[in-house]
Amino acid sequence: MSTRHLATNLPPASAGRKSRTGRKMPLNPPLRHRVSEGSLSTKPETLLRQYADDLALRYAERTVPEYVAHVRAFLGWLETRSLTLPAVTRADLQRYQAELFALRKRNGTPYSAGFQVNRLSALKSFFGFLVRRQILLADPTAGLERPRLETRLPRAVLTPREARRLVEAPRGRTPLRLRDRAILETLYATGIRASELIQLSPFDVDPADGVLRVVRGKGGKDRHVPLTRAAATAIEVYLAHGRPELLATKRSASGIYPAKASKRLFLSPRGGVLYRATLDKLVHRWAKHARIKKRVTAHVFRHSVATQLLKRGADIRHIQVLLGHASLATTERYTRVEISDLQSVVKRAHPRGR
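Being a predicted model, the structure only gives us computed values, none of them experimental. (Residues numbered from 1 in each chain as written. Predicted model: local features only at pLDDT ≥ 70, side-chain atom pairs only at ≥ 80, totals over all residues. Heavy atoms only, no water.)

Colleague: How should the overall build of the protein be read in this particular structure?
Modeller: Regarding its fold elements, the protein presents 14 helices and three strands. Counting the 354 residues in the protein, one finds 42% classified as buried. (Helix = DSSP H or I, 4+ residues; strand = E, 2+ residues; numbered from the N terminus. Buried < 20%, exposed > 50% of the residue type's maximum accessible area, 1.4 Å probe, protein only.)

Below is the structure:
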């Protein structure tokens, strides 16, 4: 569902008079974002472009359109209520937050707390941008509470035997099999996010030293993570014999951007940009080939790496650094997986467990 639909789906302002065409018009026409005491001097779309440029300097590539879409929906909400940015108060934002909570999808189900958190995170980022640029004097989102996210256990976690079967499933020397083997080994070695893997460039990996660099990962932070020997070898072979052939593939289909793709480590079958959907499809295909019955996505590797390292005695703070978690609390959810494993053991082996 588009963000425009989400904006217009929020409870409308009070109805007004009708135009000659029979359409209802608000009693007070929506105010445009105009100059107010020297605050706003640009139109909304121009402001959004400036905001997108600012985001691009500090956040991952996929975050930019997502945050811009959230802010555009909010600006639409302001317009329907004849509000301007300089006039926005915390009370307005709390009302907006309440309406987000009440918002429903086309099938009648509510949006997740994650959606609400993402929307409000984008607004905090946007108002922070306006204050930094001295477009606004104060940030109305300061102190605004966001919904508490439910801490869920990973749905699927690979065992070491399953993970080994999966990463070794692509056999052969074709460019795509070399690519897929390198991708699977990298996911299992590092627990890297799918979005971070897609953004990798050939210069971000050093197979000789066994190090991978994540540039501007989640939260705009860089980190270095170690590669296993198997992952380093797979990447080295792919760089030598797989990627050059994919780059040389004829690019005649629409939607493929050679200049952009040439900067990426992992490419699509036709030498273009690799997208998240394609990544999940190839992981699912090789999981099925390896006769793994669990629903496996690229993100499942992340859960599996954390769980297996924890079981083998790795310090939780080391795991936090590896995964790039800003908060240790995010990493600590994997200890709950350990507790659930212990509970099943007690239930099975304890004299009074049954």
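Colleague: For this particular structure, what's the right way to read the side chain of Glu 162?
Modeller: Inspection of the secondary structure puts Glu 162 in helix 6 (residues 160-167). Take Glu 162: its relative accessible area is 15%, and that puts it in the buried class. At 2.8 Å, the side chain of Glu 162 and the side chain of Lys 294 are in polar contact. With sequence-adjacent residues up to four places away left out, Glu 162 is seen in contact with Val 157, Ile 292 and Lys 294. (Polar contact = N/O pair within 3.5 Å; in protein donor to acceptor, adjacent residues only side chain to side chain. Contact = heavy atoms within 4.5 Å.)

Colleague: Whenever I open this one, the nonpolar core confuses me. Can you help?
Modeller: In this structure, Leu 166, Phe 266, Leu 279 and Val 283 are the most contacted members of the largest nonpolar core, which totals 47 residues. When contributions to this core are tallied by element, the ones reaching two or more residues are helix 6, helix 7 (175-190), helix 8 (194-199), strand 2 (211-214), helix 9 (229-247), helix 11 (276-289) and helix 12 (298-311). Not counting chain neighbours up to four residues away, the residues in contact with Val 283 comprise Leu 166, Leu 184, Leu 187, Val 296, Thr 297, Ala 298 and Phe 301. (Core = buried A, V, L, I, M, F, W, Y, C linked by side-chain atoms within 4.5 Å.)

Colleague: Help me out: how do you make sense of the packing of aromatic side chains in this one?
Modeller: Aromatic ring pairs are reported here in terms of the distance separating the ring centres and the angle at which the planes meet. Evaluated as defined, the whole model comprises ten aromatic pairs. Here the aromatic rings of Phe 74 and Tyr 96 are separated by 5.0 Å at their centres, their planes lie at 75°, and the arrangement is edge-to-face. Taken together, the residues span a long stretch of sequence, with Phe 74 in helix 3 (residues 63-80) and Tyr 96 in helix 4 (residues 90-102) at a distance of 22 residues. Phe 74 sits in the buried class, given a relative accessible area of 1%. (Phe/Tyr/Trp six-rings, centres within 6.5 Å; stacked < 30°, edge-to-face > 60°.)

Colleague: Would you mind going over the pairing of strand 3 (residues 223-226) with me for this structure?
Modeller: For a regular strand, side chains alternate in direction, first toward one face of the sheet and then toward the other. The alternating pattern of strand 3 places Arg 223 and Val 225 on a buried face, while none of His 224 and Pro 226, on the opposite face, is buried. For strand 2 and strand 3, the ladder comprises four bridges, and the chain directions are antiparallel. The residue of strand 3 that forms the bridge with Val 211 is Pro 226. (Pairing = 2+ DSSP bridges.)

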